[in-house]
Amino acid sequence: MKRVQLYVHGNGRGHANRCAYIASRLRGDGHRVRVWAGGHARDLLGADHAPRAPLRPGWAMPLELTRRILADGRRLRRERPDVIVSDGDQAALAAGRARGIPTIAVGHGLVFAGCALPSDLPAPSLWHQRANTVIPTTLAHFRVAVHFLPCRPSGAGVTVARPDLDPLLSAASSSDDGTIVGYFRFGRSRAVMAALRAEGLEVRAFGSGPGAARFDRAQFRSALRDCRAVVSNAGSNVLAECVALGKPVLAVYASDHHEQRLNASLVDAAQVGIGACLDTFETPETGRAVAERFARRLKTNDFAAVSLREALPPASAVVARLVTGVPVEV
């Protein structure tokens, strides 16, 4: 049994969703787990965490990161955990490394710094993501790159995994009721849905923006399991669910969101869906062209099928193996 501190970045649901499975698996294996989280992570982790505000981008972020590393270092000296697991929390990794505590970094961003990828990804976004993962890439003792497509690690210390999947998303019971499920975390859904509906596609949207129902986890999972296809912001977790279920996806992204731009490019390259910038839908003619292409490929079943479940192990199993096998000193 080991004392594990698990740190969860609080922006977006993907980090918390991964870590809920990781914490459950580690506790099931008999480890003592303390979770630190805040922001959006509170929605999924409930009361099962200690509060920790997420770091926000901006001019004050480097100063706040430095302050937090120092404070974490003092606390870790008192608490002396055996292992630190971090999903997007860079301060905890740096403090753990400085205190000589074994550290495991988890996250989709590590795919762009530690995996073999197509050569034609947008270079500015790729370099941005690599710069954004400098601390977990260079300071973590072990890295778990969580991806929605099969790929190979490009260096030592990297294991590629997939997100754990909700039991509701059983491939055996997946069906096709003809609907398009939409998930819009950042809003801007009106023009996208209008373009798809102009092609005769029925859209049931969740998240934020006009016409979208408030996100309910169980209702969304049920709709996702039974739909024909998905239109969504290009977050890695929802893309993994689409790929695992064999649901073609129209992956949309904001022009300034580098990770989701890369995800959409990977969707295109793997032929599991179509990637499109949200700005495209601001002009009716260009938005309609994307929607028409998506509808045509749905009609002809012109999308690839990927056996994600068989190709990659779940992230919780990989982290559990690393925690059990990691030496006290590394």
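Student: Provide a residue-level description of the overall build of the chain, including the pertinent values.
Tutor: From N to C terminus, the chain includes 14 helices and twelve strands. Compactness check: the chain gives a C-alpha radius of gyration of 20 Å against a globular reference of 20 Å for 330 residues, within 12% of the reference. For the C-alpha atoms alone, the extent of the chain along its principal axes is close to 60 × 45 × 40 Å. Looking at the chain as a whole, 53% of its 330 residues qualify as buried.

Student: Which residues make up the nonpolar core, and what are the values?
Tutor: Counting 50 residues, the largest nonpolar core has Phe148, Phe220, Leu224, Leu239 and Val267 as its most contacted members. If you tally residues by element for this core, the top one is helix 10 (residues 236–245), at seven residues. Discounting chain neighbours no more than four positions away, the residues touching phenylalanine 220 are Val181, Gly182, Tyr183, Phe206, Phe215, Val238 and Glu241. Counting 26 residues, the second largest nonpolar core, distinct from the first, contains Val4, Val85, Val318 and Ala320.

Student: Which residues make up the sheet that holds strand 9 (residues 203–207), and what are the values?
Tutor: The five strands lie next to each other as 9-8-10-11-12, forming an open sheet whose pairing is parallel. The sheet terminates laterally at strand 9 and strand 12 (273–277), the two strands that pair on one side only. Averaged over all adjacent pairs, the angle separating strand axes in this sheet is 15°, with direction ignored. With four bridges connecting them, strand 10 (residues 229–233) and strand 11 (residues 249–253) associate as parallel partners. In the strand pairing of strand 11, serine 232 is matched with alanine 251. Sheet strands in contact with helix 8 (residues 190–198) are strand 8 (180–184), strand 9, strand 10 and strand 11, and its direction is about 165° off that of strand 9.

Student: Tell me what's going on with helix 12 (residues 284–299), and back it up with residues and numbers.
Tutor: Compared with the 22 Å implied by 1.5 Å per residue over 16 residues, the 22 Å span of helix 12 between its first and last C-alpha is a close match. As for helix 12, its buried residues are in contact with strand 8, helix 8, strand 10, strand 11 and strand 12. Of the residues flanking the end of helix 12, it is asparagine 301, one or two places downstream, whose phi is positive at about 55°.

Student: Outline the packing of helix 1 (residues 13–28) against helix 14 (residues 315–325), listing residues and values.
Tutor: Orientation of helix 1 relative to helix 14, taken along the N-to-C sense of each, is 45°, at an axis distance of 9 Å. On the basis of the axis angle, helix 1 is oblique to helix 14. Crossing angle aside, the handedness with which helix 1 passes helix 14 is right-handed. Along the contact surface, helix 1 presents Tyr21, Ile22, Arg25 and Leu26, while helix 14 presents Ser316, Ala317, Val319, Ala320 and Val323. Among the residues forming the contact of helix 1 with helix 14, the class breakdown is seven nonpolar, one polar and one charged.

Student: Give a description of the sheet that holds strand 6 (residues 142–146) that names residues and reports values.
Tutor: Read from one edge to the other, the open sheet built from seven strands follows the order 3-2-1-4-5-6-7, with strand pairing classed as parallel. Across the chains shown, the open sheet's two edge strands, defined by having one partner strand only, are strand 3 (50–51) and strand 7 (158–161). Across five bridges, the pairing between strand 1 (residues 3–8) and strand 4 (residues 83–87) is parallel. From the neighbouring strand, tyrosine 7 faces strand 4, where its bridge partner is serine 86. Running at roughly 170° to strand 1, helix 1 makes contact with strand 1, strand 2 (32–37), strand 4, strand 5 (103–107) and strand 6 of the sheet.

Student: How would you summarise the side chain of arginine 162 if you had to cite specific residues and measurements?
Tutor: Following the sequence through the fold, arginine 162 ends up in the loop between strand 7 and strand 8. Of the side chains bearing the opposite charge, aspartate 164 lies closest to the buried arginine 162, which forms no salt bridge; the N-O distance is 5.7 Å. Look past the residues within four positions of arginine 162 in its chain and what remains in contact with it is Val146, His147, Leu308, Arg309, Leu312, Pro313, Pro314 and Ala315.

Student: So what's going on with the state of the cysteines? Which residues, and what values?
Tutor: Across all of its chains, the model carries zero disulfides by this definition. This cysteine, cysteine 151, is not joined by any disulfide, and cysteine 115 carries the nearest cysteine sulfur, 3.8 Å off. Judged by relative accessible area, which is 18%, cysteine 151 ranks as buried. Just so you know, cysteine 277 is unpaired, no disulfide at all, and the nearest cysteine sulfur is the one on cysteine 242, 19 Å from it. In this structure cysteine 277 comes out as buried when scored by relative accessible area, which is 12%.

Student: Tell me about the pattern of salt bridges, residues and numbers included.
Tutor: Using the criterion set out here, one finds 17 salt bridges in the structure. In this structure, arginine 34 engages glutamate 79 in a salt bridge whose closest nitrogen and oxygen atoms are separated by 3.1 Å. Residue arginine 34 is found in strand 2, and its partner glutamate 79 is found in helix 3 (residues 61–79); the two are separated by 45 residues along the sequence. For the salt bridge of aspartate 72 with arginine 75, the shortest nitrogen-to-oxygen distance reads 3.1 Å.

Student: Tell me about the environment of leucine 266, and name the residues and values.
Tutor: Relative to the helices and strands, leucine 266 is located in helix 11 (residues 258–270). Put simply, leucine 266 and phenylalanine 148 are 118 residues apart on the chain and 9.4 Å apart in space, counted from C-alpha to C-alpha. When residues no more than four places from it in sequence are discounted, the contact partners of leucine 266 are Phe112, Leu117, Pro118, Leu121, His147, Phe148 and Leu149.

Student: Can you tell me about unusual backbone geometry, naming the residues and giving the values?
Tutor: Positioned with a positive phi, arginine 80 is a non-glycine residue whose angle comes to about 50°. Positioned with a positive phi, glutamine 271 is a non-glycine residue whose angle comes to about 65°. In this structure glutamine 271 comes out as partly exposed when scored by relative accessible area, which is 37%.

Calculation notes
- Residues numbered from 1 in each chain as written.
- Predicted model: local features only at pLDDT ≥ 70, side-chain atom pairs only at ≥ 80, totals over all residues.
- Heavy atoms only, no water.
- Helix = DSSP H or I, 4+ residues; strand = E, 2+ residues; numbered from the N terminus.
- Rg over C-alpha atoms; globule rule 2.2 N^0.38 Å.
- Buried < 20%, exposed > 50% of the residue type's maximum accessible area, 1.4 Å probe, protein only.
- Core = buried A, V, L, I, M, F, W, Y, C linked by side-chain atoms within 4.5 Å.
- Contact = heavy atoms within 4.5 Å.
- Pairing = 2+ DSSP bridges.
- Axes fitted to C-alpha atoms, helices over the stretch in contact; angles between N-to-C directions.
- Expected span 1.5 Å × (residues − 1).
- Parallel < 35°, antiparallel > 145°, perpendicular 65-115°, else oblique.
- Left-handed = near helix turned anticlockwise from the far one by under 90°.
- Nonpolar A, V, L, I, M, F, W, Y, C, P; charged D, E, K, R; others polar.
- Lys, Arg positive; Asp, Glu negative; His and termini not counted.
- Salt bridge = Lys/Arg side-chain N within 4 Å of Asp/Glu carboxyl O.
- Disulfide = S-S within 2.5 Å.

Everything listed here is a matter of geometry and, on its own, says nothing about what the molecule does.
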